[in-house]
Amino acid sequence: MRFSYYFIPAGSVIDSIKDDFQLPIKNSDGSFLALPKGCSFILDVGNQLGDGIVDHHQPGTENACVSSLITNNPKKHIGDFLSRCSAYNLVTHKNPDFDALCSMYLTERYIAQGEFPVFSKILSDYVLEVDSGKKRLDADHLVEPYSLILALSHCIYDDPTIDFNQKDNVILERSFTLLDFIWDVLEKGHDIETFDWLTIKGFDDEIAVIRNDYNKYKSDFLMSSFQEIELTNKYINQSEWVDCLFTNQPKSVLWKYWARSDKVHSHSRNGFQMNVAFLPSSKTRAIISVDPNSNYTLKGLGLYLDFLEMKELLKLQSIDALIQDPREGFHRNNPWYDGRSTMHDYSIIDAPIGGSVLSPEVISDAVKKHHIWSNVNGEFAKLKISEVLALF
């Protein structure tokens, strides 16, 4: 049984042409690559759920990641669409994260073996904790599967000897080696969070990256800015001031985790409950988050940022063109993601696919205007989009 792997841009929508999936990958003759249904599965991308596509960014799957969807009901998501084939194709997004990599691994195992052992759900629950942002850093137990995945991706993308177009394939191969080890650990009855992962063989470079990562975080911090930001406590519906860290292109692979637990530099000595990271992109890529384990919500900020985004985009196109074919549950096709899923509960905001036209300065300024964006879901929700845009 042979498997081939493909990586497509995050957020891609997959078209079905009769019995094939059409991927946004061009053949040498200029046509788009078509993969046969039943022998091909699209994971953590595709913007659908069913027909061999398993993308959890859909209504009704808010408390799951792709890995947990597959282990909780493999027949529904994989088995019912599976044909007998000599070769299979697995597709996920470029720069794959833990959930994308694990879902590829789980799907390949299910196709090969036809079932999962009980402990597979322990693995997928762990991935869900990471994917939802709820995983917390344990300074005494830094080396864990989630940190090893981040470190191996860092090592591969940082290695100039690896062809850039092959980096995702190398990440997948290394991740499968790690997941084989994790599978063996679970099969022997060990606990995934207390096992001594320093005993793993062949990951010395990744372990070295993790051990040195706090020094990287301290260097990132010297290039960062921070201040207290007003946020709403979602449990008492009152505003409170929290520490927020703004970092441009952090080099630390565990930056978010260090920031949230940083009792040394944060004014409150409770860590930076809010983080803003500007990442490398041809446009502006910003990820804004609060600790999902905290009492705070970013509800309204994602919509406010998208209203500012639309104001800029409307200088080049009509409002009708801007809001046509909206993404399900949203007001347009490629908005700022505002964390509205139940799993995220407004704890994370991400820029539109391909980046934002807003500058880092405009985004940072918007973050600080809690008195405006905290009302976006209230009084502004009663207005038409054109009426809202007129206010900003």
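Chemist: Can you help me understand the environment of His 77 in this one?
Modeler: Mapped onto the fold, His 77 is located in helix H2 (residues 74–77). With relative accessibility at 8%, the residue His 77 sits in the buried group. Sequence-wise, His 77 and Thr 107 are 30 residues apart; in three dimensions their C-alpha atoms are separated by 9.6 Å. Look past the residues within four positions of His 77 in its chain and what remains in contact with it is Phe 41, Leu 49, Val 54, Leu 69 and Ile 70.

Chemist: It is not clear to me how the packing of aromatic side chains should be interpreted in this structure. Could you clarify?
Modeler: Two descriptors summarise a pair of aromatic rings, namely the distance from one centre to the other and the angle between the planes of the rings. Scanning the model with the defined rule gives 19 aromatic pairs in all. A ring pair is formed by Tyr 5 and Phe 176, whose centres lie 6.0 Å apart and whose planes are at 85°; its orientation type is edge-to-face. You can see Tyr 5 sitting in strand S1 (residues 2–8) and its partner Phe 176 sitting in helix H6 (residues 167–187), a full 171 residues away along the chain. Here Tyr 5 falls in the partly exposed class, since its relative accessible area comes to 25%. Taken together, the ring pairs connect Tyr 214, Tyr 217, Phe 221, Phe 226, Trp 258 and Phe 272 into an aromatic cluster.

Chemist: Is there a simple way to think about the pairing of strand S5 (residues 40–43) in this case?
Modeler: Across a regular strand the side chains alternate sides, sitting on one face of the sheet and then on the other. Covered by surrounding structure in S5 are Ser 40 and Ile 42 together with Phe 41 and Leu 43, the residues of both alternating faces. Bridging between S5 and strand S7 (residues 53–54) involves two bridges; their strand directions are parallel. Across the sheet, residue Leu 43 finds its bridge partner in S7, namely Val 54.

Chemist: What am I meant to see in the sheet that holds S1 here?
Modeler: Paired through their backbone hydrogen bonds, the strands of a sheet run either parallel or antiparallel. The strand order across the open sheet built from five strands is S1-S8-S5-S7-S6, with neighbouring strands paired in mixed fashion. Only two strands of the sheet have a single partner each, and these edge strands are S1 and strand S6 (49–50). Judged from the three bridges that link them, S5 and strand S8 (residues 87–93) form a sheet pairing that is parallel. By the bridge assignment for S8, Ser 40 is matched with Asn 89. Seen against the sheet, helix H3 (residues 98–113) touches S1, S5 and S8 and runs at an angle of roughly 165° to S8.

Chemist: Could you clarify how one ought to interpret the sheet that holds strand S2 (residues 15–17) in this entry?
Modeler: Spatially, S2-S3-S4 is the arrangement adopted by the three strands of the open sheet, whose pairing is antiparallel. Across the chains shown, the open sheet's two edge strands, defined by having one partner strand only, are S2 and strand S4 (32–36). With direction set aside, neighbouring strand axes in the sheet form an average angle of 45°. Alignment of S2 against strand S3 (residues 20–26), held across three bridges, turns out to be antiparallel. Bridge pairing links Ile 17 to Asp 20 in S3.

Chemist: I would appreciate a short explanation of the side chain of Gln 273 in the present structure.
Modeler: Along the chain, Gln 273 falls in the loop between helix H9 (255–260) and strand S11 (274–279). The exposure class of Gln 273 is buried, given its relative accessible area of 16%. Setting aside residues up to four positions removed in sequence, Gln 273 forms contacts with Val 242, Asp 243, Arg 260, Ser 289, Val 290, Asp 291 and Ser 294.

Chemist: I tried to follow the packing of H3 against helix H4 (residues 120–131) on my own but got confused; where do I start?
Modeler: Pairs of packed helices are described in terms of their axes, by the angle between the two and the distance that separates them. Running from N to C, H3 and H4 cross one another at 160°; their axes reach a closest spacing of 9 Å. Viewed along their axes, H3 and H4 adopt a mutual orientation that is roughly antiparallel. The hand of the H3/H4 crossing is left-handed. Across the interface between the two elements, Phe 98, Asp 99, Cys 102 and Leu 106 from H3 touch Leu 123, Tyr 126, Val 127, Val 130 and Asp 131 from H4. Along the lines of polarity and charge, the residues of the contact of H3 with H4 split into seven nonpolar, no polar and two charged.

What counts as what
- Residues numbered from 1 in each chain as written.
- Predicted model: local features only at pLDDT ≥ 70, side-chain atom pairs only at ≥ 80, totals over all residues.
- Heavy atoms only, no water.
- Helix = DSSP H or I, 4+ residues; strand = E, 2+ residues; numbered from the N terminus.
- Buried < 20%, exposed > 50% of the residue type's maximum accessible area, 1.4 Å probe, protein only.
- Contact = heavy atoms within 4.5 Å.
- Phe/Tyr/Trp six-rings, centres within 6.5 Å; stacked < 30°, edge-to-face > 60°.
- Pairing = 2+ DSSP bridges.
- Axes fitted to C-alpha atoms, helices over the stretch in contact; angles between N-to-C directions.
- Parallel < 35°, antiparallel > 145°, perpendicular 65-115°, else oblique.
- Left-handed = near helix turned anticlockwise from the far one by under 90°.
- Nonpolar A, V, L, I, M, F, W, Y, C, P; charged D, E, K, R; others polar.

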